[in-house]
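The residues making up each chain are set out below.
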Amino acid sequence: MSEAEPLVPLSRCAVFGDSWALPDYAWPIIFARMHGWKIWQFAQGGSTSESLKRQAEHAHTTELKDDPSSVLAIIHSGGNDLQVSLASGPCGFIKTSVCACTLWHPCYLAALGTLVLFGWLTGCWMTAGVFATLYVCGQMYTHYQISWERNQQYVVEQVARNILETMESVHALGITQMIVSGLPVSPAVPMLAQIAHAVPCHTGFMMNLARLFAAFSSSRIQGKIASFRRKNPNCKVVFFDEAAELHRLMSKGPEVNPGGPDAGPRRPAMSDFWIDPIHPSLNGHMWLAHQVRALWDAEHTGATQSECEEQVLKHNDPLHNL
């Protein structure tokens, strides 16, 4: 970002997205209230990332256009796109989600290595060669479709593209500061954990597949953000990897805060984090809001996120207006 174009202090926050960003206790709302900003809510419950463009168009008709440089845009969407893909059945989901995911990850090398090991142990080199050839051709076909956007049905590609178009629309309004959230895909989400246990496959494999999908989606969204930054170097865009935070929370478990009741929020247990199989509770949203604040402060001060997180958790922010 150019030093000749310093960022204007923020006083308003525009929220775009789905049901995770909609309630009064959603983390984007809590984050805005931590700073005392006026909130403009454009999120729609149950919406897919396709609706982001309509939400951004709505923002163009409001008072936000009067002083857009003082506005922070928060974009959170994509979870419902995944649910729609899951509703299409296992075959449809594998085609539109898992195939693209396996292309990105080095696990394809492990698959090829397994086929070579099979050929070496059994002597059936022809069988192993046929399967290896089919696998490589399938991956090349998927790569061709993604690289040249021949197939618009890949869920993550749709979400990443819609988020990019929304960022461009918001920037056209004059907003230059944004927070973009990744897909909340994690074994920590109760619904995904239930699916992993219900599928006739090893649960650990399904859990790792969920983490792989989350890493892939974060990579694709961050790629779009990087592209946007190159075109608009005067913009500040912070990416919040929601899936990584959910996984970190699940791995560490709850904590007992040694600082007492006024020292800030404790890391919640998973049972306290969710209000239903796919939505966080007030405790969950409050924890996410503090993580976003630590990330935002780290971008502003140059300190690490963990250092900012320690400072944030030392203060119990006045959230009594929720």
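Details of the structure are given in the entry above.
Computed from a prediction, not measured in an experiment: that's the story for all the values here.

Relative to the assigned elements, Ser 181 resides in strand 4 (residues 177-181). At 3.4 Å, the side chain of Ser 181 forms a polar contact with the side chain of Glu 242.

Once that is clear, we can look at the packing of aromatic side chains. Scanning all chains against the criterion turns up six aromatic pairs. For the pair Phe 16 and Phe 42, a centre-to-centre distance of 5.1 Å together with 10° between the ring planes defines the contact as stacked. Of this pair, Phe 16 sits in strand 1 (residues 12-17) while Phe 42 sits in the loop between strand 2 (38-41) and helix 2 (51-59); the two residues are 26 residues apart in sequence, bridging distant segments of the chain. The burial state of Phe 16 is the same as that of Phe 42; both residues are buried. A ring pair is formed by Trp 27 and Phe 240, whose centres lie 5.5 Å apart and whose planes are at 75°; its orientation type is edge-to-face. Of this pair, Trp 27 sits in helix 1 (residues 27-34) while Phe 240 sits in strand 5 (residues 236-240), placing them 213 residues apart in sequence.

In this structure, Ser 217 sits in helix 9 (residues 203-231). Look past the residues within four positions of Ser 217 in its chain and what remains in contact with it is Val 156 and Leu 183.

Topologically, Ser 218 is positioned in helix 9. Between the alpha carbons of Ser 218 and Leu 183 there is a distance of 7.1 Å; along the sequence they are 35 residues apart. Once you skip the residues sitting within four places of it in the chain, Ser 218 turns out to touch Phe 239 and Asp 241.

Further remarks concern helix 2. Residues of helix 2 that are buried include every one of Ser 51, Leu 52, Gln 55, Ala 56 and Ala 59, and no others. Projected down its long axis, helix 2 carries its buried residues within an arc of 145°, all on one side. Exposed positions of helix 2 whose direction lies more than 90 degrees from the buried face are Arg 54 and Glu 57. Summarising the contacts, the buried residues of helix 2 are in contact with strand 1, strand 3 (71-76) and helix 7 (155-173).

So, about the pattern of salt bridges. Per the stated rule, a full pass over the model turns up six salt bridges. For Glu 165, the salt bridge goes to Lys 53, with nearest N and O atoms at 3.3 Å. Of this pair, Glu 165 sits in helix 7 while Lys 53 sits in helix 2, and the two are 112 residues apart along the sequence. Judged by its relative accessible area of 31%, Glu 165 is partly exposed. Linking Arg 220 and Glu 157 is a salt bridge whose minimum nitrogen-to-oxygen distance equals 2.5 Å. Of the two residues, Arg 220 is situated in helix 9 and Glu 157 in helix 7; the sequence distance between them amounts to 63 residues. Accessibility expressed as a relative area gives 27% for Arg 220, which makes it partly exposed. The exposure class of Glu 157 is buried, given its relative accessible area of 5%. What you see here is one network of salt bridges that share partners, running through Glu 50, Lys 53 and Glu 165.

Rules behind the numbers
- Chains are numbered independently. Their residues run from 1 in the order of the written sequence.
- Where local features are concerned, this predicted model is filtered to residues with pLDDT of at least 70; where side-chain atom pairs are given and counted, the filter is 80 or more; whole-chain, interface and lining totals use all residues.
- Hydrogens and waters are ignored; side-chain quantities use all the structure's heavy atoms.
- Only runs of H or I of at least four residues qualify as helices and only runs of E of at least two qualify as strands under DSSP, and these elements are numbered from the N terminus.
- Pairs of N or O atoms within 3.5 Å make up the polar contacts considered here, provided that, within protein, one atom can donate a hydrogen while the other can accept it, and that residues adjacent in sequence are counted only when both atoms are side-chain atoms.
- Stacked, tilted and edge-to-face are the three classes assigned to paired rings of Phe, Tyr and Trp, where Trp is represented by its six-membered ring and a pair needs centres within 6.5 Å; plane angles under 30 degrees give stacked, over 60 edge-to-face, the rest tilted.
- Residue exposure (1.4 Å probe, protein chains only): buried if accessible area is under 20% of the type maximum, exposed if over 50%, otherwise partly exposed.
- By definition in these notes, contact holds between two residues if any of their heavy atoms fall within 4.5 Å.
- Throughout, the arc means the angular range of directions from the helix axis out to the C-beta atoms.
- A pairing counts as a salt bridge when a side-chain nitrogen of Lys or Arg comes within 4 Å of a carboxyl oxygen of Asp or Glu.

On their own, these measurements won't tell you what the molecule is for.
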